[in-house]
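Structural overview for review
Residues per chain are reported as follows:
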Amino acid sequence: MKRHLKQICLMALVCLEAFFLSCSGKKAETNQVTASSTKSNVLPEWALGGFVRPEGVNPIIQPRPESKFNCPMRKEPVGWEESDTFNPAATLKGDTICVLYRAEDNSAKGIGMRTSRIGLAESTDGITMIRRDKPVMYPAEDNAKEFEWPGGCEDPRVAMTEDGLYVMLYTAWNRDVPRLSVATSKDLLTWEKHGPAFAKAYNGRFKDMACKSGSIVTKLVDGKQTIAKVNGKYLMYWGEHMVAAATSDDLIHWEPVLDDQNELLGLIYPREKYFDSALTECGPPAVITEDGILLLYNGKNETNEKRDPRFNAGTYSAGQVLFDLQHPYQAIGRLDVPFFRPMADFEKSGQYVDGTVFIEGLVFFKGKWYLYYGCADSMVGVAVYDPQNKAEGDILP
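Since the model is a prediction, treat every value here as computed from it, not as a measurement. (Residues numbered from 1 in each chain as written. Predicted model: local features only at pLDDT ≥ 70, side-chain atom pairs only at ≥ 80, totals over all residues. Heavy atoms only, no water.)

1. Brief notes about the nonpolar core
Most often, soluble globular proteins keep nonpolar side chains buried together rather than apart. In terms of nonpolar packing, the biggest core is built from 26 residues, with Phe51, Phe339, Phe340, Ile359, Leu362, Trp369 and Leu371 touching the most fellow members. Looking at this core, the elements with two or more residues in it are β22 (293–300), β23 (316–323), β25 (357–365), β26 (368–375) and β27 (379–385). Beyond its immediate sequence surroundings of up to four residues, Phe340 is in contact with Phe51, Arg53, Ser317, Ala318, Val357, Ile359, Leu371, Tyr373, Ala383 and Asp394. (Core = buried A, V, L, I, M, F, W, Y, C linked by side-chain atoms within 4.5 Å. Buried < 20%, exposed > 50% of the residue type's maximum accessible area, 1.4 Å probe, protein only. Helix = DSSP H or I, 4+ residues; strand = E, 2+ residues; numbered from the N terminus. Contact = heavy atoms within 4.5 Å.)

Next up, the structure:
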């Protein structure tokens with residue numbers, strides 16, 4: 001009852017603020033208030049956060065030129081994580097956080113032109129990482145070669161079933177068409193590739209569609225984040241130019257949700273003059289909460305007059321959207337300002353100098369949430385949220 005009263009009071013304040021702002025011709029920001037001379041990003045009760053960067057530890061994963069790997073495609077040793085290490089997934093194995101990160105070699109220059117492989121780092125405290133010397137997922141002479149070579153395996157998201165099966169959704173990039181693809185593992189070391197997620201849906205209609213960024217819906221079971229069903233099926237949110245949805249009976253073969261015109265159903269879209277004016281790209285596995293299904297996503301700011309002028313053109317920041325649990329394609333809450341944005345120097349350098357925090361890994365560990373993210377397409381960082389100390393989001397500019 002206390003929680004609901006707090007929400008009602010918050011909504012009343014929001015409506016009052018919107019009224020006065022509309023009278024003055026200004027745009028209302030539904031989760032922004034002003035305290036003294038400092039603008040704060042106050043998160044609503046349904047949102048997760050605020051996340052705090054542990055002092056003096058980031059970035060936690062950086063390129064290692066000395067790492068060598070005998071590439072089965074090039075038939076020679078390559079520095080598989082020589083240039084960039086970024087965009088991490090995360091999950092638990094026992095009492096250990098496992099971070100699966102995208103690593104690029106030095107085979108070319110330019111976004112998407114190097115070959116990507118996926119490395120594994122492990123941590124017992126969520127911060128100090130012990131890394132494997134070799135990648136655990138990579139292009140090879142296998143059933144996925146036509147989809148993965150020469151671009152590689154990119155941007156994983158990983159979730160776990162209650163019986164311990166790990167499901168990875170990643171981008172297979174052959175430098176022609178990016179495809180959202182599926183792999184499974186029991187130990188995070190050996191992966192079985194199942195090919196494009198939508199290959200068999202609707203008689204192959206979407207097999208060759210450009211697609212990426214799959215976020216499987218999960219829930220907390222005995223303190224562990226595990227894959228859950230929604231209305232009798234597994235559900236994922238996916239996409240970057242809009243958030244779409246897909247369902248599955250087996251976590252391997254996925255069927256995109258269509259609208260009444262037999263086209264992909266769009267759930268949310270980029271918004272002009274907001275931080276997500278260019279892209280709304282799904283982040284880590286979504287989480288069922290007492291308020292609904294919470295999806296954390298990556299918003300990219302436009303580079304033209306449609307951009308949010310408070311943030312750099314082209315900046316990647318992180319947002320949150322809440323979907324109704326009974327009607328999971330219906331958004332019932334959405335942040336108007338990012339809860340997490342580039343602030344540190346290493347988040348505003350590298351391949352994306354405009355600034356990038358790209359969230360893909362979320363783990364509930366020892367009573368806290370650990371958020372793993374890519375820093376400017378170059379390194380990996382971590383931020384932590386303790387639910388016992390619910391706080392504001394990042395301070396606005």
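Resuming the write-up.
2. Quick notes on the sheet that holds β25
Note: strands within a sheet are paired through backbone hydrogen bonds, in either parallel or antiparallel orientation. With antiparallel pairing, the 3 strands of this open sheet are ordered in space as β25-β26-β27. In this open sheet, the two strands that pair with only one neighbour each are β25 and β27. Averaged over all neighbouring strand pairs, the angle between strand axes comes to 25 degrees, with direction disregarded. Where β26 and β27 come together, 7 bridges link them in antiparallel fashion. Across the sheet, Gly374 pairs through a bridge with Val380, a residue of β27. (Pairing = 2+ DSSP bridges. Axes fitted to C-alpha atoms, helices over the stretch in contact; angles between N-to-C directions.)

3. Details of the packing of aromatic side chains
Counting across every chain of the model gives 13 aromatic pairs. Their ring planes at 25 degrees and their centres at 6.4 Å tell us that Trp80 and Tyr101 sit as a pair that is stacked. Within this pair, whereas Trp80 is found in the loop between β4 (76–78) and β5 (84–93), its partner Tyr101 is found in strand β6 (residues 96–104), the two being separated by 21 residues in sequence. Seen in terms of ring centroids, Phe198 and Trp238 are 5.0 Å apart; in terms of plane orientation they differ by 55 degrees. Their pairing is tilted. With Phe198 in the loop between β12 (192–196) and β13 (214–216) and Trp238 in strand β17 (residues 233–238), the pair connects residues that are 40 residues apart, well separated along the chain. Assigned by exposure class, Phe198 and Trp238 land together as buried. Of the aromatic side chains, those joined through ring pairs into one cluster are Phe51, Phe339, Phe340, Tyr373 and Tyr385. The ring of Tyr234 carries the charged tip of Lys229 above its face, separated from the ring centre by 5.1 Å. It is Arg271 that lies over the ring of Tyr274; its NZ or CZ is 4.3 Å from the centre. (Phe/Tyr/Trp six-rings, centres within 6.5 Å; stacked < 30°, edge-to-face > 60°. Lys NZ or Arg CZ within 6 Å of the ring centre and 35° of its normal.)

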